[in-house]
Amino acid sequence: MPSSTPSAAPGLRLTRPPWLSPRIFRTEVLAGLVVGLALIPEAISFSVIAGVDPKVGLFAACTMAMVIAFAGGRPAMISASTGAVALVIAPVVRQHGLGYLIATVILAGVFQIALGALGVAKLMRFVPRSVMVGFVNALGILLFTAQIPNLYDVPWPVYPLVVAGLALMVLFPKVTKAVPAPLVSIVILTVITVAAGIAVPTVGDKGKLPSSLPAPGLPDVPFSAHTLTVIAPYALAMALVGLMESLMTAKLVDEITDTRSNKTRESIGQGIANIVTGIFGGMGGCAMIGQTMINVKNGARTRLSTFLAGFFLLIFCIVLGPVVSKIPMAALVAVMVLVSVGTFDWHSVKPATLKRMPLGETVVMAVTVAVVVATHNLFIGVVAGTIAAMVIFARRVAHLTNVTPVTDPDGGQVVYSVTGELFFASSNDLVTRFDYAKDPDKVVIDLSTAHIWDASSVAVLDAIETKYAQRGKTVEIVGLNEPSARIHGTLTGELTGSH
């Protein structure tokens, strides 16, 4: 199979698509079929989390997958309606209705295109791993807690059905992995409840499933400044969470397949897919880590599998709608409980891992999880975790600055050797590390093993020179590397009103 991918090319290339190979074509079709089947329960479950009819999530999964197959930057990655997006937009549905949700999805797509064009993908390097882990763990917790309403004040058969569904999904893969275990569990539980006439809440109770293709249209909302102020915060949060999860997933697939993808194109492609999804009445989405792993592990490597996953799902929805409506909610609760357990990074909270991990890393992860769970907003949690990581890093680096004085034997001068990174956090106490009264008349500050990063450091060095000058002593700063000399030469003497 050729190692090059369409995303790696800067422009159009007139080469035969790799999926035209019979072997690759068969692999891509089968992988797309399996993913299309596996998307059904999760798309419906995420619709329930968002508080919309199942068709809204199902159509979103169809359109997201089919559009991103062409517009995205990572071949073989699956995008559809997701739990992360459902959690962000659920308040919009509860407080304002479906029309505002659709408007939010379209605006989120616009934001994603703008962020992609501005190079937001490059900012992912500033999100620490501990924040990523906290994000994943918080998502797992929120997906689990979102199932609690479906287990409260329901007929008693719901509980054994949930347990049976979990058991089937855990045990069935030991028999075969050819068919997705969640799909098997849903089919068996649906057959049991229908055949035995067990009265439990079903998917049909949540809303009518689609019987025809969706018609494009604009959201039924007032096109006013008020509407924009209502949806903009949710749209921005959805855009950022969607991009973060998509870029994280793309990076993971890059590592697994040993190929590179175009992250900027992926960011813009997510925006295009969400705009199209909103126009067709879907709830929006982003890349799905779980479904992408199913696709890649089944051997898929091209855009064909992504497109077919959405196409097959569309066929399943329209043809099998009456059957899907009979699925007991208990089966979907079991699926989402297992998804939440699989999403949570259990290795990160093992005692052995916590013992080896630096305390600051654990604190950042805990802050991210706590803020997300408290606010039910993944974006706020990631921002809080990133800020916490920056503060901890600044404090850690600040303590790595050392000042060592060496006085000449004849007592004519003293040389202070400064080691470390000089910036606002580390340089603040630098002024206290010199003996202004007892030092000889000539003082040399050697910065050959230090680096000046900001104006705060230059201001501190100016303050040190001033204190010595007040005592009639001279200061010489030596050893500046080129970047440090440039910022020092530009700013020295210009940072206080006395000059």
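Residues numbered from 1 in each chain as written. Predicted model: local features only at pLDDT ≥ 70, side-chain atom pairs only at ≥ 80, totals over all residues. Heavy atoms only, no water.

Considering the overall build of the chain
- Counting its secondary structure elements, the chain contains 18 helices and 6 strands.
- Expressed as a percentage of the 499 residues in the chain, the buried residues total 51%.
- Look at the contacts in the chain between residues 6 or more apart in sequence, and 83% of them connect residues 24 or more apart.
- Where the 34 positive side-chain charges of the chain centre and where its 27 negative ones centre are 14 Å apart. (Helix = DSSP H or I, 4+ residues; strand = E, 2+ residues; numbered from the N terminus. Buried < 20%, exposed > 50% of the residue type's maximum accessible area, 1.4 Å probe, protein only. Contact = heavy atoms within 4.5 Å. Lys, Arg positive; Asp, Glu negative; His and termini not counted. Charge placed at Lys NZ, Arg CZ, Asp CG, Glu CD.)

What about the nonpolar core?
- With 98 residues, the main nonpolar core has Phe46, Leu143, Met283, Leu313 and Leu378 as its most contacted residues.
- When residues of this core are assigned to their parent elements, the largest contribution, 12 residues, is made by helix α8 (residues 225–257).
- Apart from the residues lying within four places of it in its own chain, the contact partners of Leu313 are Gly36, Leu39, Ile40, Leu58, Ala61 and Cys62.
- Residues Tyr436, Ile445, Ala450 and Ile464 belong to the second largest nonpolar core, which totals 21 residues. (Core = buried A, V, L, I, M, F, W, Y, C linked by side-chain atoms within 4.5 Å.)

Looking at the sheet that holds strand β5 (residues 442–452)
- Pairing in this open sheet of 4 strands is mixed, and the strands run β3-β4-β5-β6 from one edge to the other. With partners counted over all chains shown, the strands left at the sheet margins are β3 (402–407) and β6 (474–478), one partner each. On average, each strand axis in the sheet is inclined to that of its neighbour by 20 degrees, with strand direction left out of account.
- Across 6 bridges, the pairing between β3 and strand β4 (residues 413–422) is antiparallel. Across the sheet, Thr404 pairs through a bridge with Ser417, a residue of β4.
- Along the sheet face, helix α18 (residues 482–491) touches β5 and β6 and points at about 120 degrees away from the line of β5. (Pairing = 2+ DSSP bridges. Axes fitted to C-alpha atoms, helices over the stretch in contact; angles between N-to-C directions.)

So, the pattern of salt bridges
- This model, assessed by the stated rule, comprises 4 salt bridges.
- With a shortest N-O distance of 2.5 Å, Lys263 and Asp254 are connected by a salt bridge.
- For Asp254, a relative accessible area of 12% corresponds to the buried category.
- Bridged by salt links that share partners, the residues Arg74, Asp254 and Lys263 form one connected network. (Salt bridge = Lys/Arg side-chain N within 4 Å of Asp/Glu carboxyl O.)

So, empty space enclosed by the protein
- The tally for this structure, following the rule as stated, stands at 2 cavities of 30 Å³ or more.
- What the largest cavity holds in volume is close to 50 Å³.
- In this structure, the largest cavity is lined by Ile68, Ala69, Gly72, Arg74, Pro75, Ala76, Met77, Glu266, Arg303 and Thr306.
- Elements with a contribution of two residues or more to the lining of the largest cavity: α2 (54–71) and α11 (303–324).
- By residue class, the composition of the lining of the largest cavity is 5 nonpolar, 2 polar and 3 charged. (1 Å grid on protein atoms, 1.4 Å probe; cavity = no way out; pocket = protein on both sides within 12 Å on 5 of 7 lines; lining within 4 Å. Points joined across faces, edges and corners; volume = space filled by probe spheres on them. Nonpolar A, V, L, I, M, F, W, Y, C, P; charged D, E, K, R; others polar.)

Focus on helix α5 (residues 129–145)
- Compared with an ideal rise of 1.5 Å per residue, which puts 17 residues at 24 Å, α5 spans 24 Å between its outermost C-alpha atoms and is within 8% of the ideal.
- Extensive coverage of α5 is indicated by the burial of 13 of its 17 residues. (Expected span 1.5 Å × (residues − 1).)

Overview of the packing of helix α6 (residues 158–175) against helix α12 (residues 329–343)
- Orientation of α6 relative to α12, taken along the N-to-C sense of each, is 50 degrees, at an axis distance of 8 Å. Viewed along their axes, α6 and α12 adopt a mutual orientation that is oblique. Crossing of α6 over α12 shows right-handed handedness. Contacts between α6 and α12 involve Val158, Leu161, Val162, Gly165, Leu166, Met169 and Val170 from the first element and Ala330, Val333, Ala334, Val335, Val337 and Leu338 from the second.
- Partitioned by chemical class, the residues of the contact of α6 with α12 number 12 nonpolar, 1 polar and no charged. (Parallel < 35°, antiparallel > 145°, perpendicular 65-115°, else oblique. Left-handed = near helix turned anticlockwise from the far one by under 90°.)

Some points on the packing of aromatic side chains
- The final tally for this structure, using the stated rule, is 9 aromatic pairs.
- Centre to centre, the rings of Tyr416 and Phe434 are 4.4 Å apart; their planes meet at 55 degrees, and the pair counts as tilted. In this pair, Tyr416 sits in strand β4 while Phe434 sits in the loop between α16 (424–427) and β5, placing the two residues 18 residues apart along the sequence.
- When its relative accessible area of 2% is taken as the criterion, Tyr416 is described as buried.
- Since its relative accessible area comes to 7%, Phe434 is described here as buried. (Phe/Tyr/Trp six-rings, centres within 6.5 Å; stacked < 30°, edge-to-face > 60°.)

So, a nonpolar patch on the surface
- There is a patch of nonpolar side chains on the surface, built from Phe311, Ile315, Val319, Leu320 and Val323 and spanning about 420 Å² of accessible area.
- Looking at the element boundaries, Phe311 is found in helix α11.
- For Phe311, a relative accessible area of 35% puts it in the partly exposed group. (Patch = residues over 30% accessible without salt bridge, like charges linked within 9 Å, V, L, I, M, F, W, Y side chains within 5 Å. Areas by Shrake-Rupley, 256 points an atom, 1.4 Å probe, with all protein chains shown as cover.)

Some remarks on the side chain of Ser267
- Mapped onto the secondary structure, Ser267 falls in helix α9 (residues 263–279).
- Engagement of the side chain of Ser267 in a polar contact is seen with the backbone oxygen of Lys263, the distance being 2.9 Å.
- The contacts of Ser267, once residues within four sequence positions are left out, are Gln112, Gly116, Val120, Ala121, Leu243 and Leu247. (Polar contact = N/O pair within 3.5 Å; in protein donor to acceptor, adjacent residues only side chain to side chain.)

Things to note about the pairing of β6
- Covered by surrounding structure in β6 are Val475 and Ile477 only, the residues Thr474, Glu476 and Val478 on the alternate face being uncovered.
- Once the chain exits β5 it traverses helix α17 (residues 455–469) before rejoining the sheet at β6, and the crossover so formed is right-handed. (Right-handed = clockwise from strand over helix to strand, strands pointing away.)

Observations concerning the confidence of the model for the chain
- For the chain, per-residue confidence averages 87 on the pLDDT scale, and 95% of positions sit at 70 or higher.
- Summarising per-element confidence for the chain, the mean pLDDT is lowest in helix α10 (residues 289–297) (80) and highest in α9 (96).
- Per-residue pLDDT stays below 50 along residues 1–9; that stretch engages in 19 contacts with residues further than four places along the chain or on separate chains. (pLDDT = per-residue confidence, 0-100.)

What about the packing of helix α14 (residues 359–375) against helix α15 (residues 378–398)?
- One way to put it is that α14 packs onto α15 with a least axis distance of 8 Å and a crossing angle of 155 degrees. Our classification of the angle between α14 and α15 gives roughly antiparallel. As α14 packs across α15, the resulting crossing turns out to be right-handed. For the pair α14 and α15, the contacting residues are Gly360, Val363, Val364, Val367, Thr368, Val371, Val372 and Thr375 in the first and Leu378, Ile380, Gly381, Val382, Ala384, Gly385, Ala388, Ala389, Ile392 and Arg396 in the second.
- Considering only residue class, the contact of α14 with α15 consists of 12 nonpolar, 5 polar and 1 charged.

Some details on α10
- Listing the buried residues of α10 in full gives Gln291, Thr292, Met293, Asn295 and Val296.
- Buried residues in α10 make contact with α1 (22–50), α8 and α11.
- Residue Gly299 follows α10 closely and has a positive phi angle near 95 degrees.

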